[in-house]
Structure formats: C-alpha cells, structure tokens
Amino acid sequence: MKVCLVTETDISSLVDAQKSMIAYFQKIYIAILCIGSPVIFLLTKVLTGSVKKVGKAARRIAEGNYSERISTVGKDEISELASDFNQMAQQIEEKIAALSDMAKQKEDFAANFAHELKTPLTSVIGYADMLYRRELPKEEVKSAAEYILSEGMRLESLSLKLMDLFVLDKQDFLLERISVKEMFENLKQGIEPVCRKHGKSLHMDMEDSMIEVDYDLFKTMILNLVDNSVKADCKDMWIVGMQGSNTYQIRIKDNGKGIPPKELGRITEAFYMVDKSRSRKQHGAGLGMATTITHL
C-alpha cells in the first residue's frame, strides 16, 4: 500500500513581492542611468577637454606658434601634465630662438666674408690689369704694387684668422697651471717692441699667482687686446693683475679712442669693426676677438 503526503502553500505573495522588487530596482536603475549619464558625460568632457587642450596646443606649436602655453588650474594629474607641457614648450621656444640666431649669424658671416673678399679682390684685379695692359710711370707702378701688396697682406691675415676660427670651434682645450708673473714676463718681450715701434708706453703691474689657462689661446687674446689698443691711437697702455678672493683679475687699459658703450656687446662678432676704414688700412678683418674671447 502506497501512502502519499501532499502539502500546499500559497506563495503568490512571494511572487508578488519579487515582481515588486524587480519593478522597484528597475526604477532605481533607470533613475541612476538618467542621473549618471549626464554626470559621466560632463566628467568625461572635463577630463578629455584638458587633454584636448594639450593636443590643440601641440598642433599650434607644430604650426610655428612657439609661444603657445596652457593655463593650469589645480594640482591634479592633468594640471601636472599641462605644467610639464608648458616647460617643454618653453624649452622648444628657447631652442628655436637660439637656432634662429645661429642661422642669422651664419648668414651674416657669409655675407661679411663675401664682402671682405670682394672689395680687395676687385681692387687687386683692377690694379693688376692696369699694370699688365698699360705702360705706367715708375711712381704709378710703385703705388699700384704697394696697394696690391697691402691688400694681399690683408687677405693673408683674413685667411689665417678664419683658419684659427674654424680650428678653435672644433678644439678641446687643455688648461695648465701657470704663474701669472712668469707668463706676462714672456708676453712683455713680445709686447714692448710693438709699443716702441708705434711710440706707445707700456705700464705693467702684475701680482703673482697661479692660474689655469690655455697658454697659446690666452696669449693670443692679450696680444689682440694690445694690438687693438695700438690701433686705437693710444699713448699709454696699462696691464694690471690683481688677486681676488677666488679669482684673478687682469685689466688692460689705454687712453686711445675707445669703443662706444653701445658697441661693446658686439666685439666678439666675426668681421665686426667699429672703424672699418681704419681697420682695413691696418690689415684688420674683425676676427681677432672672435677667435679668442668667445672660446675662453
């Protein structure tokens, strides 16, 4: 005999409760979705907006607007990115400015070099042609030959100084420890004959000390300064050396024509001459200081 036990329970209330909960959570989900979507959209726009600003700024810099910068607000990651970008843009702008200046200097150098060659060569060719084609009196022949010699010496000086300029740009300098007094005693032997030849008085007062210099380059600089003083029609020249706390100062002074204050910043420019006519007569090319001071 089989016995079956059947039980029955009414769970309609649980089903209704489940349906109610499902409907309730659907409403919450829809509400969250309606509220969250705009918020997420705004947050995304804010976050990506800053990144897009960086991108736009980068494109403007690529187009040549090197002064482009991004305004930074706050201290979050995007602000740090903008700050780093501004630093990069600043470095790029400075490098571009330096390259532009360098390119302009090279253009000026080429133009000045061509001019320095053209003027004497034109005259030399003209005088040589005149000597070749015409019978001239002895005095005129001598005058023409003297001019050709003078211009030839200036071209020789120009070529030697250009060679120095190119070599110095590619050279590593070895500094050696030297006694100032001993070094200037040796220099004095080369300076005094030049001063006597041109009727100049040399006054030298050097405190002894040990300094580290490239002797040949330093000697060239001093001789260039002395040569410039002689060419400036000075009567007296003073070379004074003084020991400071951590430095040694060397001053070269004369009572010649001097250099106008507004021209001082250009003395290391290649081919720059304050008085071009006087410098050319004395076989100057404006390269002396460019080949020494700029490398010290």
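Here the residue numbers are simple positions, counted from 1 along each chain's written sequence. Note on the predicted model: pLDDT of at least 70 is required for a residue's local features to be given, and 80 or more for side-chain atom pairs to be given and counted; whole-chain, interface and lining totals, by contrast, use all residues. Think of the side-chain values as coming from all heavy atoms in the structure, minus any hydrogens and water.

A. Local environment of the overall build of the protein chain. Note on conventions: DSSP H or I runs of at least 4 residues are helices, E runs of at least 2 residues are strands, and numbering of each starts at the N terminus. Within the protein chain one finds six helices and five strands. Reading the protein chain from its N end, one meets helices and strands in the order α-α-α-β-α-β-β-α-β-β-α. Each residue gets one of three labels from its accessible area relative to the maximum for its type: buried under 20%, exposed over 50%, partly exposed in between, using a 1.4 Å probe on protein chains only. A total of 296 residues make up the protein chain; the buried ones form 24% of that total. Note on contacts: a residue pair is in contact if any heavy atoms of the two residues lie within 4.5 Å. Of the contacts made within the protein chain by residues no fewer than 6 positions apart, 65% connect residues no fewer than 24 positions apart. Methods summary: accessible areas were calculated by the Shrake-Rupley approach with a probe of 1.4 Å, and residue burial reflects only the protein chains presented. Put simply, the protein chain shows about 21300 Å² of open surface, and 58% of that area lies on carbon and sulfur atoms.

B. Structural context of the packing of helix α4 (residues 180-197) against helix α5 (residues 215-231). At a minimum axis separation of 11 Å, α4 and α5 run at an interaxial angle of 35 degrees. Helix-helix and strand crossings are classified by hand; for α4 and α5 the assignment is right-handed. Contacts from Met183, Phe184, Asn186, Leu187, Ile191 and Val194 of α4 reach α5 at Tyr215, Phe218, Lys219, Ile222, Leu223, Val226 and Val230. By residue class, the composition of the contact of α4 with α5 is eleven nonpolar, one polar and one charged. For helices, the fitted axis covers only the stretch in contact; all axes are lines through C-alpha atoms, and the angles between them, taken along N-to-C directions, range from 0 to 180 degrees. Left-handed is the label given to a crossing in which the near helix is rotated counterclockwise from the far helix by less than a right angle, and right-handed is the label when the rotation is clockwise. When residues are grouped by polarity, Ala, Val, Leu, Ile, Met, Phe, Trp, Tyr, Cys and Pro land in nonpolar, Asp, Glu, Lys and Arg in charged, and all others, Gly among them, in polar.

C. Broad picture of the pattern of salt bridges. By convention in these notes, a salt bridge is any Lys or Arg side-chain nitrogen within 4 Å of a carboxyl oxygen on Asp or Glu. Going through the model one piece at a time under the given rule, you end up with two salt bridges. Between arginine 133 and aspartate 129 there is a salt bridge; the shortest N-O distance is 2.6 Å. You can see arginine 133 and its partner aspartate 129 sitting in helix α2 (residues 77-133), four residues apart, about one turn around the helix. Between glutamate 192 and lysine 188 there is a salt bridge, with its nearest N and O atoms 3.8 Å apart. Within this pair, glutamate 192 and its partner lysine 188 are both found in helix α4, separated by four residues, close to a single helical turn. Judged by relative accessible area, which is 29%, glutamate 192 ranks as partly exposed.

D. Up close: a nonpolar patch on the surface. Like charges within 9 Å and nonpolar side chains (Val, Leu, Ile, Met, Phe, Trp, Tyr) within 5 Å are joined into patches, using only residues over 30% in relative accessible area that form no salt bridge. On the surface, Ile11, Leu14 and Val15 cluster together into a nonpolar patch covering about 270 Å² of accessible area. Here leucine 14 lies in helix α1 (residues 12-62). The exposure class of leucine 14 is exposed, given its relative accessible area of 59%.

E. Spatial organisation of the nonpolar core. Remark: nonpolar core denotes a set of buried residues (Ala, Val, Leu, Ile, Met, Phe, Trp, Tyr, Cys) joined through side-chain atoms within 4.5 Å. Among the nonpolar cores identified, the biggest contains 20 residues, and Met183, Phe184, Ile191 and Ile222 are the most heavily contacted of them. It is α4 that provides the largest number of residues to this core, a total of six residues. Excluding its chain neighbours within four sequence positions, the residues that come into contact with phenylalanine 184 are Met204, Met206, Phe218, Ile222, Ile239 and Ile250. Core analysis: the next-biggest nonpolar cluster, separate from the first, contains seven residues, Ala57, Ile61, Ala82 and Phe85 among them.

F. Just a positive patch on the surface, in detail. The grouping of Lys45, Lys52, Lys56 and Arg59 at the surface amounts to a positive patch. By secondary structure assignment, the location of lysine 52 is in helix α1. A positive count includes Lys and Arg, and a negative count includes Asp and Glu. His and the chain ends are not counted in either. Every charge is mapped to an atom, namely NZ of Lys, CZ of Arg, CG of Asp or CD of Glu.

G. Structural view of the sheet that holds strand β4 (residues 236-243). Judged by pairing direction, the sheet is mixed, and its three strands sit side by side in the order β2-β4-β5 without closing on themselves. In this open sheet, the two edge strands, each paired with only one partner strand, are β2 (201-206) and β5 (248-254). For this sheet, the mean inter-axis angle between neighbouring strands, taken without regard to orientation, is 10 degrees. Any two strands are treated as partners once DSSP identifies two or more bridges connecting them. Inspection of the sheet shows β2 paired to β4 by six bridges, in the parallel sense. The residue of β4 that forms the bridge with methionine 204 is isoleucine 239. Each of β2, β4 and β5 touches α4; the most contacted strand, β2, lies at about 175 degrees to it.

H. Representation of α4. Every helix has an expected span of 1.5 Å times one less than the residues it contains. Between its first and last C-alpha atoms α4 spans 26 Å; for 18 residues at 1.5 Å apiece the expected length is 26 Å, and the two agree. Bend angle per residue: angle between axes fitted to the 7 residues ending at that residue and the 7 residues starting there. A bend of about 35 degrees at lysine 188 is the largest found in α4. The set of residues buried in α4 consists of Val180, Met183, Phe184, Leu187, Ile191 and Cys195. Structurally, α4 contributes buried residues whose contacts are with β1 (176-179), β2, β3 (210-213), α5, β4 and β5. Where α4 terminates, the next one or two residues include glycine 199, which has phi positive at roughly 70 degrees.

I. Summary view of the state of the cysteines. Here, a disulfide means two cysteine sulfur atoms that sit within 2.5 Å of each other. Throughout the structure, instances matching the rule amount to zero disulfides. With no disulfide of its own, cysteine 195 lies closest to cysteine 234 among cysteine sulfurs, the gap being 7.2 Å. Judged by relative accessible area, cysteine 195 falls into the buried class, the value being 2%.

J. Highlighting the environment of glycine 256. With respect to the helices and strands, the residue glycine 256 is situated in the loop between β5 and α6 (276-281). Judged by relative accessible area, glycine 256 falls into the partly exposed class, the value being 26%. Taking C-alpha positions, glycine 256 is 8.0 Å from aspartate 236, a pair spaced 20 residues apart along the chain. Aside from chain neighbours lying at most four places away, what touches glycine 256 is Ala232, Asp233 and Cys234.

Nothing here speaks to function; it is geometry throughout.
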